[in-house]
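Single-letter residue listing:
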Amino acid sequence: MKILLVSEDLPAAKLGGLAKQLIALGNALIDAGHEVTLMGRDSPSYDDECNKEMGFRGPFISGFGNPFKGWKEIQLGFFNPLKRPYFARHIAEAIRRLGKDFDVVHYHGHHPMVGYYIPQKINFIQTRHDQGGDCIIDTRFRDGGVCVDRSPFACAKCIHSNPGFFRTIISAIAVNRYRKETERAYALHPVIFVSDFLRRNYLRTMPNSRFLNSKIIHNFYDEGCLLRVREKALRTEPSGEIGIHVAGRFVLEKGIAQLLDLLVPRLPTGWSINICGDGPLRKESERKYASSRVRFLGHISQQETLLSAANSSVCIVPSVWEEAFGLVTLEALRLGKTCFALARGGTPELMRYADVGQLQLFDDLQQLVNSLLAERTFKSYSNGSPSDVETHLTELMAIYQRNQKERA
C-alpha cells in the first residue's frame, strides 16, 4: 500500500514518545514492503541533525506550518477558540491536497479534530496518543495532580491561575468547540486509541460520542532491537551495587523531580541513579543532587537510553499524571528489568507484557520509594508477552484495508 503518515511533532532534533512510535511504525511498514511517506511541519528544517535523530528511512514532506508557535495564549491568559481549528484545517488542507495519491492517510498528532475537515472519500485514520480530544492541554494534569473536572469552564485555570469572568468564558468557548469538532471527527473516520484507558477516559467527558469505528492497539517495540541491546549490555557496577534507571522529560507531570526529592536523601550506600532526559526542572534537581552516584545524563540517543536501562538493576517510571501508554515502561519490561511505576492511566494494561512480579505498581511516589528501598536484590526476567511490531501491523493493516474498501 501507499501510506502517508502525518504528524505535527516532526521534524524534531529531540523525539518524544509519539514521534518515536510513529517513526518506528513507518520503518516497520517499509520493512513489510509498503511505500511510506512522512509529512510534517516546515520547521525546524529536516536537515542532517533532525534526519539523524529521527532515523526515518522513507521520504519526508514539509506539508504545513508549526502549530505550536504564535497566538500568545499564555500572555493573554485564555484559550483562543480559533487557534486549534485553524491549525486543524491547515493540516487537513495538506492531507486533502496529497491524500488522493495514497491508499491511506494515518494521522498521529495533537489536533484530533483534523478528521472533521477531511472528506469521507479519503481513507483517513488517526491514532490518539494522549488525552487531547477532551483535554485541551492533552494531559489532564493541573496543580500537581490528575484533573478530574470535566467542565469546560474549569479548563480556564489551566492557562491562568485566576482567569476571571471574561477569560473563563472565552476559554470555555474554545474547549467546547474543540470537543465538539473532535466528536464529529470520530464519527466520520476510524480512530485508534493506544490504550483502553484512553478511550474510556474520553467517554467519561463525551458519553454520547458515536464512533464510526474505534480500536484499541497498544504501542509496540521492535523486539529484535531490544534483544540486541540486551546482548550488548554489560553490567559495569561492582558486585552488589544497585543501579537505578530513570528516563523522561523533566516536567512536573513526569514526576522525576519529585522522585529525586523522596529518594536521593535516603539512597543507600552502593546504590546509584542514572537519569536520562532534559526539561525545565532539570537544572534545579541537578543543582541539588548531582554527584558520582546521581548522574544527570541529559538528552541522549535512544540507543544510549536503552543501554542505560539494560545495564540497570531496576527501572523507575515516576509519572504522576495518567500516562496514555508508557513506552518507557514497555522498554523496561521487554528488556527484562524489574519496573516500579504508579497504577495510573494506561500503565496497568502493560501487565500483559510483564512476567509475574516484574511490573510493580503503587498508589503514589512515597509508597513506591518505600517499597523500592525495602528491596535488596532485583531479578531479571525473560517471560511476558512480546510487543513485537508484526502483531500490531496485522491489526493495523486490517483497519487500513477495511476502511479502504468502505471508501471505494
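Above this text is the structure in question.
Not measured: the values here are computed from a predicted model.

Rules used in this analysis
Residues numbered from 1 in each chain as written. Predicted model: local features only at pLDDT ≥ 70, side-chain atom pairs only at ≥ 80, totals over all residues. Heavy atoms only, no water. Patch = residues over 30% accessible without salt bridge, like charges linked within 9 Å, V, L, I, M, F, W, Y side chains within 5 Å. Areas by Shrake-Rupley, 256 points an atom, 1.4 Å probe, with all protein chains shown as cover. Salt bridge = Lys/Arg side-chain N within 4 Å of Asp/Glu carboxyl O. Helix = DSSP H or I, 4+ residues; strand = E, 2+ residues; numbered from the N terminus. Buried < 20%, exposed > 50% of the residue type's maximum accessible area, 1.4 Å probe, protein only. Pairing = 2+ DSSP bridges. Axes fitted to C-alpha atoms, helices over the stretch in contact; angles between N-to-C directions. Phe/Tyr/Trp six-rings, centres within 6.5 Å; stacked < 30°, edge-to-face > 60°. Lys NZ or Arg CZ within 6 Å of the ring centre and 35° of its normal. Contact = heavy atoms within 4.5 Å. Expected span 1.5 Å × (residues − 1). Parallel < 35°, antiparallel > 145°, perpendicular 65-115°, else oblique. Left-handed = near helix turned anticlockwise from the far one by under 90°. Nonpolar A, V, L, I, M, F, W, Y, C, P; charged D, E, K, R; others polar.

Peer 1: Honestly, a nonpolar patch on the surface in this entry has me stumped. Any pointers?
Peer 2: A contiguous nonpolar surface patch, about 560 Å² in accessible area, is contributed by F153, F165, F166, I169 and I173. Tracing the backbone through its elements, the reader meets I173 in helix α5 (residues 164-188).

Peer 1: Honestly, the pairing of strand β5 (residues 124-128) in this entry has me stumped. Any pointers?
Peer 2: Two faces, one strand: in a regular strand the side chains alternate between the faces of the sheet. The element β5 is extensively covered by neighbouring structure, given that five of its five residues are classed as buried. The two faces of β5 match: F124, Q126 and R128 on one face and I125 and T127 on the other face are all buried. Pairing between strand β4 (residues 104-108) and β5: four bridges, direction parallel. Its bridge partner being in β5, H106 is matched across the sheet by I125. Bridging between β5 and strand β8 (residues 191-193) involves three bridges; their strand directions are parallel. Its bridge partner lying in β8, R128 is registered against F193.

Peer 1: What is the right way to read the pattern of salt bridges from this model?
Peer 2: Proximity of charged atoms lets side chains of opposite charge pair with each other. Taken as a whole and assessed by the stated rule, the structure comprises 16 salt bridges. Its salt-bridge partner being R57, residue D31 comes within 2.5 Å of it at the nearest N-O pair. Separated by 26 residues along the polypeptide, D31 in helix α1 (residues 17-31) and R57 in the loop between α2 (48-54) and β3 (60-64) bring together distant segments of the chain. Residues D134 and R140 are paired through a salt bridge, measuring 2.8 Å at the closest nitrogen-oxygen approach. With a relative accessible area of 4%, R140 lands in the buried category.

Peer 1: Hey, could you run me through the sheet that holds strand β13 (residues 314-317) in this one?
Peer 2: Sheet strands line up and pair through hydrogen bonds in the backbone, either parallel or antiparallel. One open sheet holds the six strands; their spatial order is β12-β11-β10-β13-β14-β15, and the pairing between them is parallel. Every other strand in the sheet has two partners, leaving β12 (294-298) and β15 (359-362) as the edge strands with one partner each. Neighbour-to-neighbour, the strand axes of this sheet turn through a mean angle of 20°, independent of strand direction. Examined bridge by bridge, strand β11 (residues 271-276) and β12 share four bridges and lie parallel to one another. Looking at β12, one finds that I275 is bridged to F296.

Peer 1: Mind showing me how you'd approach the packing of aromatic side chains here?
Peer 2: Given two aromatic rings, one states the distance between the centres and the angle between the planes to describe the pair. One pass over the full model with this rule turns up 15 aromatic pairs. Ring centres of F340 and F362 lie 5.4 Å apart, and the angle between their planes is 15°; on these two criteria the pair is classed as stacked. Placement of F340 in strand β14 (residues 338-342) and of F362 in strand β15 is noted, with a sequence separation of 22 residues between them. Looking at F362, the relative accessible area reads 9%, which means it is buried. Pairwise contacts between aromatic rings join Y186, F193, Y202 and F211 into one cluster. Of note, K2 hangs over the ring of F102, and the distance from its end group to the ring centre comes to 5.3 Å.

Peer 1: What exactly am I supposed to notice about the side chain of R282 here?
Peer 2: Within the fold, R282 resides in helix α9 (residues 282-289). A relative accessible area of 16% places R282 in the buried class. The contacts of R282, once residues within four sequence positions are left out, are F250, G277, F296 and G298.

Peer 1: When you look at the environment of L15 in this model, what are you seeing that I'm missing?
Peer 2: By the element assignment, L15 lies in the loop between β1 (2-6) and α1. Here the alpha-carbon distance between L15 and Q302, two residues 287 residues apart in the chain, equals 9.0 Å.

Peer 1: Is there a simple way to explain the sheet that holds β3 in this structure?
Peer 2: Pairing is parallel in the open sheet, where seven strands are placed in the order β3-β2-β1-β4-β5-β8-β9. A strand with exactly one partner marks an edge of an open sheet, and here the two such strands are β3 and β9 (214-216). Neighbour-to-neighbour, the strand axes of this sheet turn through a mean angle of 25°, independent of strand direction. Most of the contacts of helix α4 (residues 83-99) go to β3, to which it runs at about 130°, and overall it touches β1, β2 (35-41), β3, β4 and β5.

Peer 1: Just to check I follow, could you spell out α4 for this structure?
Peer 2: It helps to recall that an α-helix has 3.6 residues per turn; residues three or four apart then point in one direction. Counted at 1.5 Å a residue, the expected span for α4 with its 17 residues is 24 Å, and the 24 Å between its end C-alpha atoms agrees. The complete set of buried residues in α4 reads K83, R84, P85, F87, A88, I91, A92, A94, I95, L98 and G99.

Peer 1: I would appreciate a short explanation of the packing of helix α7 (residues 223-232) against helix α10 (residues 302-310) in the present structure.
Peer 2: The packing of two helices is summarised by the inter-axis angle and the distance between the axes. At a minimum axis distance of 9 Å, the contact between α7 and α10 shows a crossing angle of 60°. Comparing their axes, α10 and α7 come out oblique. As α7 packs across α10, the resulting crossing turns out to be right-handed. Contacts between α7 and α10 involve C225, L226, V229 and K232 from the former and Q303, L306, L307 and A310 from the latter. Residue classes in the contact of α7 with α10 are distributed as six nonpolar, one polar and one charged.

Peer 1: What am I meant to see in the side chain of N27 here?
Peer 2: Summarising the element assignment, N27 is placed in helix α1. In this structure N27 comes out as buried when scored by relative accessible area, which is 11%. The residues contacting N27, other than those within four sequence positions of it, are G55, F56 and R57.

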